[in-house]
Amino acid sequence: ERMEQERLAEVTRLESERLEKERLEEEARVKAEGLEKERLAEEARSEASRLEEARMAEEAGLEAERMEQERLAEVTRLESERLEKERLEEEARVKAEGLEKERLAEEARSEASRLEEARMAEEAGLEAERMEQER
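Conventions we followed
- Residues numbered from 1 in each chain as written.
- Predicted model: local features only at pLDDT ≥ 70, side-chain atom pairs only at ≥ 80, totals over all residues.
- Heavy atoms only, no water.
- Salt bridge = Lys/Arg side-chain N within 4 Å of Asp/Glu carboxyl O.
- Helix = DSSP H or I, 4+ residues; strand = E, 2+ residues; numbered from the N terminus.
- Buried < 20%, exposed > 50% of the residue type's maximum accessible area, 1.4 Å probe, protein only.

Draft legend 1. Structural detail: the pattern of salt bridges. All chains considered together, the criterion is met by 36 salt bridges. Measuring nitrogen to oxygen at the nearest pair gives 2.6 Å for the salt bridge that ties Arg50 to Glu47. You can see Arg50 and its partner Glu47 sitting in helix 1 (residues 2-134), three residues apart, about one turn around the helix. The exposure class assigned to Glu47 is partly exposed, which follows from its relative accessible area of 37%. For Glu132, the salt bridge identified is with Arg135, shortest N-O distance 2.8 Å. Classification of Glu132 as partly exposed rests on a relative accessible area of 48%. Arg135 sits in the exposed class, given a relative accessible area of 75%. Residues joined by salt bridges that share partners form a network here, namely Glu10, Arg13 and Glu17.

Have a look at this one:
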């Protein structure tokens, strides 16, 4: 009977050890699963962060491009305005020169006409004098 008790005690001890081992293995498995979930969650957070940074960099690049295009459009607009102003100033200068030439030509014609009239009057006066003397 004592041997039976020892055998039962040994069986009980072995069974307890087996159950304790299973419990520890289950704990280790659960802990490993938890750690794997944490690792995967961290990877997901890192990837989400990387993608957000890439998206923000892309947005910043597009905004910089848009601002550069606006700057170039403004530079082009100002240059076009400057060239148009120069063109109009040149047109006005040429027109003013033309008007001045016309004014001077008119003055010259008037002066030539006045001199011709004076010459003719002089001639008429001399002719009248000559006729008076002849008479």
